[in-house]
Amino acid sequence: MAYGAHHSPIPPHPDLSLARDCDHCLGWGTVITRDGQHELCDTCQPDPGGGDPPYGVPAHRPFPG
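Caption draft 1: Seen up close, the overall build of the protein chain. Scanning the protein chain from terminus to terminus reveals 1 helix and 2 strands. Tracing the protein chain from N to C terminus, the helices and strands come up as α-β-β. Here the protein chain holds 65 residues, and 12% of them are scored as buried. Taking the intrachain contacts of the protein chain between residues at least 6 apart in sequence as the baseline, contacts between residues at least 24 apart amount to 27%. Counting only carbon and sulfur atoms, one obtains 56% of the accessible surface of the protein chain, whose full area is about 6,300 Å².

Caption draft 2: The nonpolar core, seen in detail. One finds Ala19, Cys22, Cys25, Cys41 and Cys44 forming the largest nonpolar core, which totals 5 residues. Ignoring any residue separated from it by four or fewer positions in sequence, one finds cysteine 25 in contact with Ala19, Thr30, Val31, Cys41 and Cys44.

Caption draft 3: Here's a closer look at the confidence of the model for the protein chain. A residue-level look at the protein chain finds 55% of positions with pLDDT of 70 or above and a mean pLDDT of 76. Confidence, expressed as mean pLDDT per element, reaches its minimum in the protein chain at strand 2 (residues 38–40) with 91 and its maximum at helix 1 (residues 16–19) with 94.

Caption draft 4: Geometry of the environment of aspartate 15. Within the secondary structure, aspartate 15 sits in the segment before helix 1. When its relative accessible area of 35% is taken as the criterion, aspartate 15 is described as partly exposed. Each C-alpha atom, one on aspartate 15 and one on glycine 29, is 6.7 Å from the other, the two residues being 14 residues apart in sequence.

Caption draft 5: A look at the environment of glycine 27. Mapped onto the fold, glycine 27 is located in the loop between helix 1 and strand 1 (30–32). Relative accessible area serves as the criterion here: at 24%, glycine 27 is assigned to the partly exposed category.

Calculation rules
- Along each chain, residue indices are assigned from 1 in the same order as the chain's sequence is written.
- Local features in a predicted model are, by the rule used here, given only for residues with pLDDT of at least 70; side-chain atom pairs are given and counted only at 80 or more, and totals for whole chains, interfaces and linings are based on all residues.
- Excluding hydrogens and water, the side-chain values take into account all heavy atoms of the structure.
- Each helix corresponds to a stretch of at least 4 residues labelled H or I by DSSP, and each strand to a stretch of at least 2 residues labelled E; elements are numbered beginning at the N terminus.
- Exposure classes here rest on a 1.4 Å probe applied to the protein chains alone. A residue is buried below 20% of its type maximum, exposed above 50%, and partly exposed in between.
- The criterion used for residue contact is that any of the two residues' heavy atoms lie within 4.5 Å.
- Calculation of accessible area relied on Shrake-Rupley with a 1.4 Å probe; when residues are assessed, cover is drawn exclusively from the protein chains displayed.
- By convention a nonpolar core is built from buried Ala, Val, Leu, Ile, Met, Phe, Trp, Tyr and Cys residues, the set being connected through side-chain atoms within 4.5 Å.
- A residue's pLDDT is the confidence the predictor assigns to it, expressed on a 0 to 100 scale.

Encoded structure:
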């Protein structure tokens, strides 16, 4: 009987130039949570922009036409 492959999410891609001297992630740019998930280091990696847009900037631009 054949079994499917286990779900293995792709770990995030950190900016290693920012992570070089980080004591929190030891230069890797990612940390492993208690659940075993890889996440970007919140000490040396910038926010990926998941928050609200700055004031005065539209959240999206509709396509013309």
